[in-house]
Amino acid sequence: MRLEHDLRRSLDLGELRLYYQPILDTQTAKIVGCEALLRWVHPVREIVPPGNFISLAEETGLIIPIGDWVLRTACIQAQAWHERGMDLHISVNLSTRQFRQHDFRKTIEAALHESGLNPRHLVLEITESLMLEETEQLMQDLRILTQRGIRFSVDDFGTGYSSLSYLRRFPARILKIERNFLSHVHHRSDDAALVEAMVSLAHKLHMKVVAEGVEKVEQWEFLKSCGCDYLQGFYFSRPVPAEQFEDFVRENL
Ligand code: G
Ligand code: G
Ligand code: MN
Ligand code: NA
């Protein structure tokens with residue numbers, strides 16, 4: 001398959017890029033961190049969004065070297081920002097397939113070691129499907145990484161079917177509300193009730209909450225009123241290359 005062939009070569013050809021989308025404090029709109037999002041700059045197709053190749057990368061196993069590259073690149077970038085006085089955390093998406101690797105914890109530790117990034121500045125985003133893979137080894141790895149100071153965040157919360165039991169077992173510190181829940185919060189009362197309930201649930205479990213997909217000022221107002229901690233969305237910024245992200249941080253000070 002052509003796309004698979006191209007994807008195999010993308011790493012060596014330097015076609016993969018990380019874009020960064022700011023994560024802001026809901027009350028103050030100050031940037032507290034960012035999410036690293038993968039982009040593939042294909043010579044013919046131009047920018048291929050991850051929705052079009054992440055599942056292929058997972059099926060073919062290419063997600064392992066690609067995921068490793070993402071993690072290392074994100075940690076190096078975050079450390080460079082810290083050295084320039086930008087006190088931000090970085091969130092990196094991990095595929096379930098990456099956790100299945102027996103040396104997954106070593107990969108994370110190597111990225112931190114190589115970059116010099118403080119583990120407290122790294123957030124790993126995982127989805128609920130990971131819990132279907134729960135093993136004693138996995139849970140132990142997660143506990144060890146958590147003890148080192150790495151935070152885990154449950155991405156796309158509310159879309160899986162195991163959400164609540166998941167929260168009970170998984171040592172996550174952050175909950176990310178999937179953006180579909182946000183689309184109508186400012187004018188649809190049952191969506192508003194769901195988001196309020198998710199925020200309150202997370203807070204009772206001593207978790208912080210990030211709302212994704214904020215596109216309108218009304219959504220921001222709503223999130224302020226219900227005590228959601230952080231937000232992310234096109235209203236503030238799209239995912240952008242590192243230099244543009246830095247400009248955004250400078251203007252935000
Ligand atoms: O940036 P965008 O909205 O196009 O991302 C689409 C999806 O691709 C998101 O669900 C996101 O979690 C996933 N994604 C983006 N970057 C990465 C990555 O580096 N690794 C993995 N596993 N998924 C990613
Ligand atoms: O990992 P996750 O599935 O959460 O990836 C976040 C995705 O959401 C990224 O692909 C990013 O481009 C997208 N995104 C971020 N903010 C917004 C937004 O305000 N609106 C929409 N439609 N998508 C967003
Ligand atoms: Mn994510
Ligand atoms: Na998400």
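First, a word on what this report is: a plain description of the structure on this page. (Residues numbered from 1 in each chain as written. Chains lettered and ligands numbered in written order. Predicted model: local features only at pLDDT ≥ 70, side-chain atom pairs only at ≥ 80, totals over all residues. Heavy atoms only, no water.)

## Notes on the coordination of the sodium ion (ligand 4)
- Every protein donor of the sodium ion (ligand 4) is accounted for by Asp155 (OD), Asp156 (OD), Glu212 (OE) and Glu212 (OE), and the metal-donor separations fall at 2.0 to 2.7 Å.
- Each of the six donor atoms around the sodium ion (ligand 4) contributes to a set of angles spanning 49 to 156°, which defines the coordination as irregular.
- In primary-sequence terms, the residues that donate to the sodium ion (ligand 4) follow D-D-x55-E.
- Taken as a pair, the sodium ion (ligand 4) and the manganese ion (ligand 3) show a spacing of 4.2 Å, with Asp155 coordinating each metal.
- The partly exposed category is assigned to Asp156, whose relative accessible area is 25%. (Donors = N, O, S within 2.8 Å, 3.2 Å for Na, K, Ca; no water. Tetrahedral: all angles 85-135°; square planar, octahedral: opposite > 155°, others 65-115°. Buried < 20%, exposed > 50% of the residue type's maximum accessible area, 1.4 Å probe, protein only.)

## Structural notes on the packing of aromatic side chains
- The final tally for this structure, using the stated rule, is nine aromatic pairs.
- Here Phe152 and Phe170 contribute two aromatic rings whose centre-to-centre distance is 5.9 Å and whose plane-to-plane angle is 90°, an arrangement assigned as edge-to-face. Note that Phe152 is positioned in strand β6 (residues 151–157) and Phe170 in the loop between α7 (163–169) and β7 (174–177), a separation of 18 residues in sequence.
- Its relative accessible area of 4% is what places Phe170 among the buried residues.
- For the ring pair Trp220 and Phe236, a centre distance of 5.1 Å and an interplane angle of 80° mean the geometry is edge-to-face. (Phe/Tyr/Trp six-rings, centres within 6.5 Å; stacked < 30°, edge-to-face > 60°. Helix = DSSP H or I, 4+ residues; strand = E, 2+ residues; numbered from the N terminus.)

## Comments concerning the coordination of the manganese ion (ligand 3)
- Of the protein atoms, only Glu35 (OE), Asn93 (OD1), Glu125 (OE) and Asp155 (OD) coordinate the manganese ion (ligand 3), at distances of 2.1 to 2.4 Å.
- The exposure class of Asn93 is partly exposed, given its relative accessible area of 29%.
- The exposure class assigned to Asp155 is buried, which follows from its relative accessible area of 8%.

## Notes on the site of ligand 2
- Ligand 2 sits among 15 residues. The nearest are Asp155, Arg179, Glu212, Glu215 and Phe234.
- Between Gln21 and ligand 2, the recorded distance is 3.1 Å, taken from a side-chain N or O atom to a nitrogen atom.
- A distance of 2.7 Å is found between an oxygen atom of ligand 2 and a side-chain nitrogen or oxygen belonging to Arg179.
- Taking 520 Å² as the accessible area of ligand 2 by itself, protein coverage stands at 78%.
- Those elements that provide at least two residues to the shell around ligand 2 are β2 (31–42) and β6.
- For the shell around ligand 2, the leading source of residues is β2, giving three residues. (Near = heavy atom within 4 Å. Polar contact = N/O pair within 3.5 Å; in protein donor to acceptor, adjacent residues only side chain to side chain. Areas by Shrake-Rupley, 256 points an atom, 1.4 Å probe, with all protein chains shown as cover.)

## Details of helix α5 (residues 104–115)
- With twelve residues, α5 extends 17 Å from end C-alpha to end C-alpha; this agrees with the ideal 16 Å at 1.5 Å per step.
- Among all positions in α5, only Phe104, Ile108, Ala111, Leu112 and Ser115 are buried. Angularly, the buried residues of α5 cover 95° about the axis, an arc narrow enough to put them on a single face. Facing away from the buried surface of α5 by more than 90 degrees, the exposed residues are Lys106 and His113. (Expected span 1.5 Å × (residues − 1). Arc of directions from axis to C-beta.)

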